[in-house]
Amino acid sequence: MSLDLVSLLPAPWQAVLAPHLDAERTRKLGEFVAGEYASQTVYPPVEDLFTAYRLCPPERVRVLLLGQDPYFKAGQAHGMSFSVREGVRVPPSLRNVFKEIAADVGAGMPTTGDLTPWAEQGVLLLNSIMTVREGKAGSHAKKGWEEFTDATISAVNELDTRVVFMLWGSYARKKAALVTNPQHVVLEAGHPSPMNPAGFLGTRPFSACNKALADAGLTPIDWSLTPA
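Residues numbered from 1 in each chain as written. Predicted model: local features only at pLDDT ≥ 70, side-chain atom pairs only at ≥ 80, totals over all residues. Heavy atoms only, no water.

- As annotated in an unreviewed UniProt entry, the chain is Uracil-DNA glycosylase from Catenuloplanes indicus.
- Its UniProt record gives the chain a comment under Subcellular location (unreviewed entry), which states: "Cytoplasm".
- As recorded by UniProt, the Function (unreviewed entry) comment attached to the chain reads in full: "Excises uracil residues from the DNA which can arise as a result of misincorporation of dUMP residues by DNA polymerase or due to deamination of cytosine." (UniProt positions renumbered as here; feature names shortened; annotations may be inferred.)

1. Remarks on the nonpolar core
Step number 1: Among the nonpolar cores identified, the biggest contains 68 residues, and Trp 118, Trp 145, Phe 148 and Trp 223 are the most heavily contacted of them.
Step number 2: Of all the elements, helix 7 (residues 145-157) adds the most residues to this core, at 6 residues.
Step number 3: Among all residues touching Trp 145, those that are not within four sequence positions of it are Leu 5, Leu 29, Val 33, Leu 49, Phe 50, Ser 128, Ile 129, Met 130, Thr 131 and His 140. (Core = buried A, V, L, I, M, F, W, Y, C linked by side-chain atoms within 4.5 Å. Buried < 20%, exposed > 50% of the residue type's maximum accessible area, 1.4 Å probe, protein only. Helix = DSSP H or I, 4+ residues; strand = E, 2+ residues; numbered from the N terminus. Contact = heavy atoms within 4.5 Å.)

2. Examining the pairing of strand 6 (residues 185-189)
Step number 1: Judged by which residues are buried, strand 6 turns out to be one-sided: Val 185, Leu 187 and Ala 189 face inward and are buried, whereas Val 186 and Glu 188, on the alternate face, are not.
Step number 2: Of the strand pairs in this sheet, strand 5 (residues 164-168) and strand 6 are connected by 5 bridges, and their pairing is parallel. The partner of Trp 168 across the bridge, within strand 6, is Ala 189. (Pairing = 2+ DSSP bridges.)

3. Re the packing of aromatic side chains
Remark: the centre distance and the inter-plane angle together describe each pair of aromatic rings, the angle taken between the planes.
Step number 1: Summed over the entire model, instances satisfying the criterion amount to 10 aromatic pairs.
Step number 2: Pairing Trp 145 with Phe 148 gives two aromatic rings, centres 5.4 Å apart and planes at 85 degrees, and the pair type is edge-to-face. Taken together, the residues Trp 145 and Phe 148, both in helix 7 and 3 residues apart, mark about one turn of the helix.
Step number 3: Geometrically, the ring pair formed by Trp 168 and Phe 206 is edge-to-face, given 5.9 Å between the ring centres and 80 degrees between the ring planes. On the criterion of sequence distance, the pair formed by Trp 168 in strand 5 and Phe 206 in helix 9 (residues 205-215) is long-range, its members being 38 residues apart.
Step number 4: Judged by relative accessible area, which is 2%, Trp 168 ranks as buried.
Step number 5: Site record: aromatic cluster; members linked through ring pairs are Phe 82, Trp 118, Trp 168, Phe 200, Phe 206 and Trp 223. (Phe/Tyr/Trp six-rings, centres within 6.5 Å; stacked < 30°, edge-to-face > 60°.)

4. Focus on the pattern of salt bridges
Pairing between side chains of opposite charge can happen when their charged atoms approach one another.
Step number 1: According to the stated counting rule, one finds 9 salt bridges in the structure shown.
Step number 2: Across the salt bridge formed by Glu 31 and Arg 27, the nearest N and O atoms sit 2.4 Å from each other. Of the two residues, Glu 31 and Arg 27 both sit in helix 3 (residues 23-39), 4 residues apart, roughly one turn of that helix.
Step number 3: On the accessibility criterion, Glu 31 (35% relative accessible area) is partly exposed.
Step number 4: Among the salt bridges present, the one from Asp 104 reaches Arg 204, with a minimum N-O distance of 3.4 Å. On the criterion of sequence distance, the pair formed by Asp 104 in helix 5 (residues 92-105) and Arg 204 in the loop between strand 6 and helix 9 is long-range, its members being 100 residues apart.
Step number 5: A cluster of three or more residues bridged by salt bridges with shared partners is formed by Glu 24, Arg 27 and Glu 31. (Salt bridge = Lys/Arg side-chain N within 4 Å of Asp/Glu carboxyl O.)

Encoded structure:
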């Protein structure tokens, strides 16, 4: 039993990822993921596995915001880093993200943790590891997802239009080495986890991101999630 992961991707992403993926490793990852879905409770649901790719095609990517692995509680993860479904309580790390947005660009505090509006503006909300067993953070690490999502970063690195890579926390910051195209911008900060109070709050990444986009003649991101 196996999942053909590449076939689940939207066609534009299949085309740009193909040169960066090892077919045999991707096949083995598909076997592992299929087995986990068949025998365990795994998040996100398989139909949401590639939500980030579906909502943000490669030609529209302006920002890549990298997370680590999905939320591991029922009803939270739906295929985008840091995002939770409408109606789900906002997790602590995302609350800190919202606090920084309010302080940085003056947006009101959102009532939802669903980041779909960011994805629709060109923010690729990518997790380095794209599945997780219920209740077991990091349980799908070192199974092949890292190579898959590194391929995504490398493909975005090849895009002709500026992309801002927002890398928060020591794990994400290691991926800066994959960003070699001089037209892109890398913004690093500590992880927004409440356990890292001094590393994220006050870094003003959202205004810095929008300045980098504007400097390249691109439309800034509206980080507000509150109704107009």
